Amino acid sequence: MTRKIGLAMIALAIVSLVAASGGASSVAVERSIEVAVTDDPSAQPVAFYTEASGENDSRITVTNRVDEELTVTEASVDESRVGDWGQNVSVDRTVASADPGSNASVIVTDVPCGDAVAAGGLPIEITVEAGLTTIETTVDAAVACDG
C-alpha cells in the first residue's frame, strides 16, 4: 500500500511538472529611445518665416515639414511682451491649415510702426497642431516703416 501511495505521488509530481499550472505570469520589456538634437533649422518639423508686407503689416508663413496636415490653431499678440501699443493690432489666420510640404499664413495688420521697430518686431504667439504634436512658439513679426 505504501508503495502504491509513493508511486501515485511520483506520478502526480511528474504530471504537475508537465502540465501548465494555470497561474498568471508577467513579462518585462525594456525599450531604448534615442533622440538626436540638431541646430539645423531645416530639421525642424515646422518653419516660421516673417516678412513685412507693407506699411504697418506683416505676413508670417508657417511651413509644414511633417507627414500630416498641420493646423494653426491660435495666433495672437504676445501681450506679456507689449504694452498698450499692441492693443489694436489685427491677427488673421487666412489659411488655417497646410498639407505636408505646403504653407499656412498668418497676416498681422495695423501694427504701430515705431513701437514695433523699437521692440525688434511685434511678438506673435502661434500654436500649431499636427496629429498628436502641438508646437507653441513666439515669432517676432517684421514690420516695414516709411521714413
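Not measured: the values here are computed from a predicted model.

Here is what the cut-offs are and how they apply
Residues numbered from 1 in each chain as written. Predicted model: local features only at pLDDT ≥ 70, side-chain atom pairs only at ≥ 80, totals over all residues. Heavy atoms only, no water. Helix = DSSP H or I, 4+ residues; strand = E, 2+ residues; numbered from the N terminus. Buried < 20%, exposed > 50% of the residue type's maximum accessible area, 1.4 Å probe, protein only. Contact = heavy atoms within 4.5 Å. 1 Å grid on protein atoms, 1.4 Å probe; cavity = no way out; pocket = protein on both sides within 12 Å on 5 of 7 lines; lining within 4 Å. Points joined across faces, edges and corners; volume = space filled by probe spheres on them. Nonpolar A, V, L, I, M, F, W, Y, C, P; charged D, E, K, R; others polar. Polar contact = N/O pair within 3.5 Å; in protein donor to acceptor, adjacent residues only side chain to side chain. Patch = residues over 30% accessible without salt bridge, like charges linked within 9 Å, V, L, I, M, F, W, Y side chains within 5 Å. Areas by Shrake-Rupley, 256 points an atom, 1.4 Å probe, with all protein chains shown as cover. Salt bridge = Lys/Arg side-chain N within 4 Å of Asp/Glu carboxyl O. Lys, Arg positive; Asp, Glu negative; His and termini not counted. Charge placed at Lys NZ, Arg CZ, Asp CG, Glu CD. Pairing = 2+ DSSP bridges.

Here's the deal with the environment of E51
Here is step 1 of the chain: Looking at where E51 falls in the secondary structure, it is placed in strand β1 (residues 46–54).
Here is step 2 of the chain: You can call E51 partly exposed: its relative accessible area is 32%.
Here is step 3 of the chain: The spacing of E51 and T61 is 10 residues in sequence and 8.4 Å in space, taken between C-alpha atoms.
Here is step 4 of the chain: Setting aside anything within four residues of it in sequence, one finds E51 in contact with S58, R59 and A142.

A short note on empty space enclosed by the protein
Here is step 1 of the chain: Inspection of every chain in the model, using the stated rule, returns one cavity of 30 Å³ or more.
Here is step 2 of the chain: For the largest cavity, the calculated volume is near 40 Å³.
Here is step 3 of the chain: Lining the largest cavity, in full, are P45, V46, V66, L70, V128, E129, A130, T133 and I135.
Here is step 4 of the chain: Among the secondary structure elements, those contributing two or more residues to the lining of the largest cavity are β7 (122–130) and β8 (133–141).
Here is step 5 of the chain: If one sorts the elements of the lining of the largest cavity by residue count, β7 sits on top with three residues.
Here is step 6 of the chain: When its residues are assigned to classes, the lining of the largest cavity shows seven nonpolar, one polar and one charged.

So, the side chain of S105
Here is step 1 of the chain: Mapped onto the elements of the fold, S105 is located in strand β6 (residues 103–109).
Here is step 2 of the chain: Judged by relative accessible area, S105 falls into the buried class, the value being 12%.
Here is step 3 of the chain: Looking at S105, its side chain comes within polar contact range of the side chain of R59, at 3.4 Å.

With respect to the side chain of T127
Here is step 1 of the chain: Structurally, the position occupied by T127 is in strand β7.
Here is step 2 of the chain: Overall, T127 belongs to the buried group, its relative accessible area being 15%.
Here is step 3 of the chain: The residues contacting T127, other than those within four sequence positions of it, are T71, V72, T73, E74, T134, I135 and E136.

Observations regarding a negative patch on the surface
Here is step 1 of the chain: Together, E74, E79, E125, E129 and E136 make up a region of like negative charge exposed at the surface.
Here is step 2 of the chain: Judged by relative accessible area, which is 34%, E125 ranks as partly exposed.

Re the pairing of strand β2 (residues 57–64)
Here is step 1 of the chain: In terms of strand pairing, β1 meets β2 through eight bridges, oriented antiparallel. Looking across to β2, one finds that A52 is bridged to S58.
Here is step 2 of the chain: Linking β1 to β2, which pair antiparallel, is a turn of two residues; within it N56 sits at a positive phi near 70°.
Here is step 3 of the chain: Sheet topology places β2 next to β6; six bridges connect them, and they run antiparallel.

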